[in-house]
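# A look at the structure
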Amino acid sequence: MASSGGRPRGRGRLSARLLLAGAAVGCARLALGGVLAAFAGVAPAAAGEGPSRAEAVVRRAKGFSDVKVRRKRKKVDVDQLVADHGAEKAKDVEMILRGKPAACPEDMLRARFSAIKARDATFMARTERDETRQGVDERARGWAVTFGMEERVKELDGEELSKEQKELLTAKSIEVKDATGKERSSSR
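Not measured: the values here are computed from a predicted model. (Residues numbered from 1 in each chain as written. Predicted model: local features only at pLDDT ≥ 70, side-chain atom pairs only at ≥ 80, totals over all residues. Heavy atoms only, no water.)

## A few points about the environment of Cys104
Rules: For the purposes of this entry, the term helix denotes a DSSP run of H or I that reaches at least four residues, the term strand denotes a run of E that reaches at least two, and both are numbered from the N terminus. Relative accessibility under 20% of the residue-type maximum defines a buried residue, over 50% an exposed one, and the middle range a partly exposed one, all with a 1.4 Å probe and only protein chains included.
Take Cys104: it is sitting in the loop between helix H2 (78-97) and helix H3 (105-118). Residue classification places Cys104 among the partly exposed residues on the basis of a relative accessible area of 21%. Taking the C-alpha atoms as reference, Cys104 lies 9.8 Å from Asp92; in sequence the two are 12 residues apart.

Here it is in structure tokens:
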């Protein structure tokens, strides 16, 4: 007898469960048969499964080499900024490192110096122009290699760090002698 909900009770209900389970097993077998054959590098028909829909579907996937590296920004160490630039300039440099525009070229110079000391490849890449490395990701990778955070690839990066790169990595302080001229106006 059927219940008021329209579903069979007793044996009829058991049969419906078996029917659904059998259908699920059949679908899984078809799907896995095609997947396992494709994984093994054999077409499903050659594996004895017969033709399947998977043969007609083109699937594209990225390999491990195509995965983009997510570089985390370095945390701003306010105490280090005060030690490097003094209390007054440290506030300006902190704002730039947090994403605000620089008020003057000297502040950007100081922010980039702090980014070099902190090994912040992302900030360095976002705040430079490089004709040889067009995208931010390429520039960030270059800085990460320079900072020793990523593996050097001889074809892309050369054999070893240049003299200038080594000097950047060992910089202890910055002294701004003159910061006049060639300033951009604030109306872009």
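Structure's up, so let's keep going.
## Considering unusual backbone geometry
Unusually for a residue other than glycine, Arg119 sits at a positive phi of about 60 degrees. Along the chain, the position of Arg119 falls in the loop between H3 and helix H4 (121-126).

## Digging into the pattern of salt bridges
To keep things clear, this is the line we draw: Whenever a carboxyl oxygen of Asp or Glu lies within 4 Å of a side-chain nitrogen of Lys or Arg, that contact is scored as a salt bridge.
Evaluation of the coordinates by the stated rule reveals 6 salt bridges. Asp84 is paired through a salt bridge with Lys117; the nearest N and O atoms lie 3.0 Å apart. Residue Asp84 is found in helix H2, and its partner Lys117 is found in helix H3; the two are separated by 33 residues along the sequence. Asp84 gets classed as buried once you look at its relative accessible area, which sits at 18%. The class for Lys117 is partly exposed, based on a relative accessible area of 29%. Glu106 is the partner of Arg110 in a salt bridge, and the nearest nitrogen-oxygen pair spans 3.1 Å. Placement of the pair is Arg110 and Glu106 together in helix H3, with a separation of 4 residues, close to one helical turn.

Interpretation note: all reported values are geometric properties and have no functional meaning in isolation.
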